[in-house]
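Here's the letter readout for the chains.
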Amino acid sequence: MNDFRVTKPKFFATTKKGENYELRADLNSEYRDRRKDAIKKVIANMTVGKDVSGLFPDVLKNMQTEDLEQKKLVYLYLMNYAKTQPELVILAVNTFVKDTDDINPLIRALAIRTMGCIRVEKIIDYLCEPLRKCLKDDNPYVRKTAAICVAKLYDLNPELATENGFVAVLQEMVSDSNPMVVANAVTALAEINEASITKDIFVINTSTLTKLLVALNECTEWGRIAILTALADYRPSDSKEAEHIVERVIPQFQHVNGSVVLSAIKVVMIYMRTIKTDEMLSQLVRKMAPPLVTLLASAPEVQYVALRNINLILQKRSDILQNEIRVFFCKYNDPPYVKLEKLEIMIKLANDRNVDQLLSELKEYASEVDVDFVRKSVRAIGQCAVKIDEAAERCINVLLDLINTKVNYVVQEAIIVIKDIFRKYPNNYEGIIPTLCQNLEVLDEPEAKASLIWIIGEYAERIENADELLATFLDTFRDENSQVQLQLVTATVKLFLKKPQTTQNIVWRLLQIATSECDNPDIRDRAYVYWRLLSTDPQAAKAVVLSGRPVISVQGNTLSGPLLEELINNISTLASVYHKPPETFLGRGRFGADAVQRRAIEEQEEASRESPIQAQVKTNIENLLDLDFNDNSTPTSNTPPSSSKSTDATANVDDLLDLFGGSNINNDLSTPPQSSSSNNHQNNGLTNDLVSLF
Amino acid sequence: MISAFFIYNQKGEVLISRLYRQDLKRSVADIFRIQVISNTDVRSPIITLGSTSFFHVRHDNLYIVAVTKCNANAALVFEFCYRLVNIGKAYFGKFDEEAVKNNFVLIYELLDEVLDFGYPQNSETETLKMYITTESVKSQRAVKEDSSKITIQATGATSWRRSDIKYRKNEAFIDVIESVNLLMSTKGTTLRADVSGQIMMRAYLSGTPECKFGLNDKLLLEKDTSHRGLSQKRTNAVEIDDCQFHQCVKLGKFDSDRTISFVPPDGEFELMRYRTTENVNLPFRVHPVVNEIGKSRVEYRVTVKANFSPKLIANNVVIRIPTPLNTANINIHVDAGKARYVPAENSIVWKLSRFQGQSEETLSGEAELSSMTVKKAWSRPPISMDFQVLMFTSSGLMVRFLKVFEKSNYTSVKWVRYMTKAGSYQIRF
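Values in this document were obtained by computation on a predicted structure and should not be read as measured data. (Residues numbered from 1 in each chain as written. Chains lettered and ligands numbered in written order. Predicted model: local features only at pLDDT ≥ 70, side-chain atom pairs only at ≥ 80, totals over all residues. Heavy atoms only, no water.)

## Observations concerning the packing of helix α20 (residues 371-387) of chain A against helix α21 (residues 392-404) of chain A
Residue and element names in this part refer to chain A. Direction vectors running N to C along α20 and α21 enclose 160°, while the axes themselves pass 8 Å from each other. It follows from the interaxial angle that α20 and α21 lie roughly antiparallel. For the pair α20 and α21, the sense of crossing is left-handed. Together, Val 378, Ile 381, Cys 384 and Ala 385 of α20 and Ala 392, Cys 395, Val 398, Leu 399 and Leu 402 of α21 make up the contact between the two elements. (Axes fitted to C-alpha atoms, helices over the stretch in contact; angles between N-to-C directions. Helix = DSSP H or I, 4+ residues; strand = E, 2+ residues; numbered from the N terminus. Parallel < 35°, antiparallel > 145°, perpendicular 65-115°, else oblique. Left-handed = near helix turned anticlockwise from the far one by under 90°. Contact = heavy atoms within 4.5 Å.)

Laid out in structure tokens, this is it:
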């Protein structure tokens, strides 16, 4: 009987007490090794995501130890769980304070580093004294750690950090004799400055400038980046000063670390605005090219960042990589995101001298497997034609070769770009129209269909069977995409105006279907407008419908002036990768200025227009994501139903915008149209910021 | 800066998680798993959701992920991820799931040291090994140095070198390793040919030696000759497009007069990297003739010629010749080496362990194709090549001198080796 009683509860107890129970016993073991192993196990559980906060007091007991490895483990645990047990953290304070007085500088630094990471109000009061001591420590290793700790403290309690004079000490530390201390002081000051309201915490003057330039050559690669970033924010007083600083920065182009090189390039690009001597400017352009090319030999992710930045730099200084187009040729095994970026840059570098080489390269890409890449390559051929007049005919020939491959998506993309070429060079290449028309049946994408229909309408008088071709669409008109429908209406009217005798019947039937059977108000309205125009004054109709169109150029890939300047200020950062100003994708948008909201609305619109369903799905994900992060967000946004509600809300915004003419808003803003698929994610992030406003 | 750092295995299990800032919770780890690891169509190494950005790098069977909530320096974050991989390799030999699992305590210790509040700190392996030790590293380093000395040195201007190094025999080994990259068009013209070189040094030198290093750098030599007023031309000089140096090299000095001077770290390190595009000597020429006969057969005749001196020999030559996806059977004939069809790679792999300079080898064969219902054109990926040629540099680069100056004025022995290997050596057909 007794046995039964013992075994039965035990069966339940294993699940209830579980591993933590055993760990607790081990943590309190009398054997040192056993305790240490138990701590390791606790950390392992923490990593996997198991909740081991219940063991707090038991782990804490092991804090006072000679074993540095064990101490570090306990500290790691403390940093993770201090918030859950604020009362108990006080027990650790004594050990911390004692450690900051240890003879071993590694322990002093460790203690001050960890204390800064424990974000419990009560501990802050105990942090100030040790921090003051460590900032003045003899050992540079301790000082550099303490410098960062000031930034940690400021993040937690700005008043305290300022009142205690820590920020002032940090400002003095920029003149420290040790380069690494200087670098960390700069890093901490930059962070504090960013977070401060007044933004006057970190101002570089002539004497700090000299110190920074000296430290630049001596500190670690990461320190160099911190200093270069600080230099980039400094505005030199005149051309001479700018030249002087740039000369000190240029040697960094030879650094192995690609991010140091990019940071140096950023400084040079910014200072070039101030430099007035032409000789210096051309020298800088010459010196910048080789390191930029070298960045293409780094890891693919770094390459990607470099390519996005080269794209920006080329928009500002198009002469920089004039003869280097070959280095941007894609390798077969480059990751897709690198290939797409290289493609964009190749178009930017295309000129009449290298276009032949580029075309044969693009043709090669068009036979690859990745559909997205193939399409962009075909599109690039079209952009070459629009950009370089002399090459248009050669581009057309390449496109015709591609159409003959009969690969469906290649054909469709080729037809879309040929439409652009016709826009740019009207009445030049009609000879190829029959070839295009042969492919009418295989087209199943709205954009390709619409493009071919536009071509048929535009050259109706020269296509013998234009009426037959258009007539084939009459029966299926209602099932077509609205883009195709609009183009059909216009093309048919053009056809009628050019060949009035034979096509009266078609145009009448089409307008009738469009006005009576079509649900889409845009199409109905356009059909009505044409109908009335044709019935009242055919001459006026001719003047309106067949008028000359404005010339097109390579669009979509260039940024507006002010935005470009802002992005150059942000070279190497996320903003430069996305080609968007930082405030558009950072969390502050939740309470952000009007401009941000309006940008978000615009992005949202664009995203939902591109793929409505996908955008909505993403929105939901975003909502969940931010719900998860913001533990102090308002209770309403924490309720689960809000995610579904807010999607409705955004949809409403969309409608409202349509009503009031979203295009007005678009005109106000400098944000360019989306150019690469990688931006989509971030796009949807904005959506989220918008959503959270509701 | 970096708010959190994670390492995942391929399944998406978190192996290491370290939060540096309080602006996000550990649960972001799950978001990354859902959005990237279990997503088959990931098209960017950076993903921003809400205001949280995930930067990821893949190494072996690991995902190394940094998370930020600000307009972070993207290049820095990626460079840092790769640095961490290199630190891992230096400590554990290789950096994969097994190594991470077995050493997770040490990795946490390292992460605490190399990142503070999300800002990268000292990440030089040699320096880290001085004060972050495991059993294996400890045993290598018999002397345990005084920690205050370590810390002063770790933050100092020559953080990469201890001051009290002594060797009975002072030696320095230099390896010039070149990777030659080629992209040949279908017509046999060279679209791209360049060399990325690496100069590795193993320095076993006592004290604090000042080294000066000289190459047959065209710019430097031209400057020298004009300086001395000499008119003789040096034809064997090499034009270096660009180079990068280990942080021990004084960059300011290189920028002003192109001399390479430095105090080397102890042991092995990469002294410099360089890039050349002019006058690249391609070690191999490939002439492929590939004909698709109807829909059922492809004929191959691939000739490879070694373009270097007959005194030299290339090793480990591998030529990969792609075959159509619907290949059913293949007959190959080669006179030298071994060639076989590898269905998993969709290619014929031809291996030659030795390839004499100036010699020529040919592969001929035929692939039979199974019939397919959907006719999709074969995309013809390029032929790629792998090889190593000792005592040969594609760029023509030579080491002219390495001078070592030290207080005690000891003599030192220097050794130089050259090797050229294939980088991305691709031939379209």
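Now that the structure has been shown, the text picks up again.
## Notes on the sheet that holds strand β12 (residues 260-262) of chain B
Strand pairing in a sheet relies on backbone hydrogen bonds, with the paired strands running either antiparallel or parallel. All names here are of chain B. Pairing is antiparallel across the open sheet formed by 3 strands, whose spatial order is β12-β10-β22. In this open sheet, the two edge strands, each paired with only one partner strand, are β12 and β22 (399-405). Neighbour-to-neighbour, the strand axes of this sheet turn through a mean angle of 15°, independent of strand direction. Two elements, strand β10 (residues 210-215) and β12, share 3 bridges in a ladder whose sense is antiparallel. Along β12, the bridge assignment pairs Lys 212 with Ser 261. (Pairing = 2+ DSSP bridges.)

## Structural notes on the domain arrangement of chain B
Residue and element names in this part refer to chain B. As far as domains go, chain B holds domain 1 (4-123), domain 2 (171-280 + 392-427) and domain 3 (284-390). Each of domain 2 and domain 3 was reduced to a C-alpha centroid, and the two centroids are 34 Å apart. Taken together, the 11 residues of domain 2 in the interface contact 15 residues of domain 3. With both chains or domains summed, domain 2 and domain 3 bury close to 1,200 Å², and 62% of this area falls on carbon and sulfur atoms. When the area that domain 2 buries against domain 3 is broken down by residue, the three leading residues are Phe 392, Tyr 425 and Ile 427, summing to 51%. Run the count over domain 2 and domain 3 and you get 0 salt bridges. Elements that contribute at least two residues to the side of domain 2 that touches domain 3 include exactly β8 (171-184) and β23 (413-427). (Domains from an automatic or database assignment. Buried area = accessible area lost by both parts, 1.4 Å probe. Salt bridge = Lys/Arg side-chain N within 4 Å of Asp/Glu carboxyl O.)

## With respect to helix α13 (residues 221-233) of chain A
All names here are of chain A. Between its terminal C-alpha atoms α13 stretches 19 Å, which fits the 18 Å expected from 13 residues at 1.5 Å a residue. Buried residues dominate α13, accounting for 11 of its 13 residues. Residues of α13 that are buried include every one of Glu 221, Trp 222, Gly 223, Arg 224, Ile 225, Ala 226, Ile 227, Leu 228, Ala 230, Leu 231 and Ala 232, and no others. (Expected span 1.5 Å × (residues − 1). Buried < 20%, exposed > 50% of the residue type's maximum accessible area, 1.4 Å probe, protein only.)

## A short note on the environment of A:Asp51
All names here are of chain A. Mapping Asp 51 onto the fold places it in the loop between α2 (32-48) and α3 (56-60). Asp 51 sits 31 residues away from Asn 20 along the chain, and the two C-alpha atoms are 9.3 Å apart. Sequence-distant contacts of Asp 51, defined by excluding residues within four places in its chain, comprise Asn 20 and Tyr 81. Among the polar contacts made by the side chain of Asp 51, one reaches the side chain of Ser 53 at a distance of 2.9 Å. (Polar contact = N/O pair within 3.5 Å; in protein donor to acceptor, adjacent residues only side chain to side chain.)

## A short note on the side chain of A:Glu361
Residue and element names in this part refer to chain A. Examined against the element boundaries, Glu 361 turns out to sit in helix α19 (residues 355-365). Residue Glu 361 is classed as buried on the basis of its relative accessible area of 1%. At 2.9 Å, the side chain of Glu 361 and the side chain of Tyr 365 are in polar contact.

## Examining the interface of chain B and chain A
Tallying the contact residues gives 92 residues for chain B and 107 residues for chain A. Carbon and sulfur atoms supply 56% of the area that chain B and chain A bury against each other, a total of about 8,700 Å² over both sides. For chain B, the biggest contributors to the area lost against chain A are B:Arg43, B:Asn71 and B:Thr155; these three give 8% of the whole. Linking chain B with chain A are 10 salt bridges, by the criterion used here. The interface formed by chain B and chain A holds 35 residue pairs in polar contact (both at pLDDT 80 or more) in total. The element that contributes the greatest number of residues to the side of chain B that touches chain A is helix α2 (residues 74-92) of chain B, accounting for 8 residues. Considering only residue class, the side of chain B that touches chain A consists of 38 nonpolar, 31 polar and 23 charged. (Nonpolar A, V, L, I, M, F, W, Y, C, P; charged D, E, K, R; others polar.)

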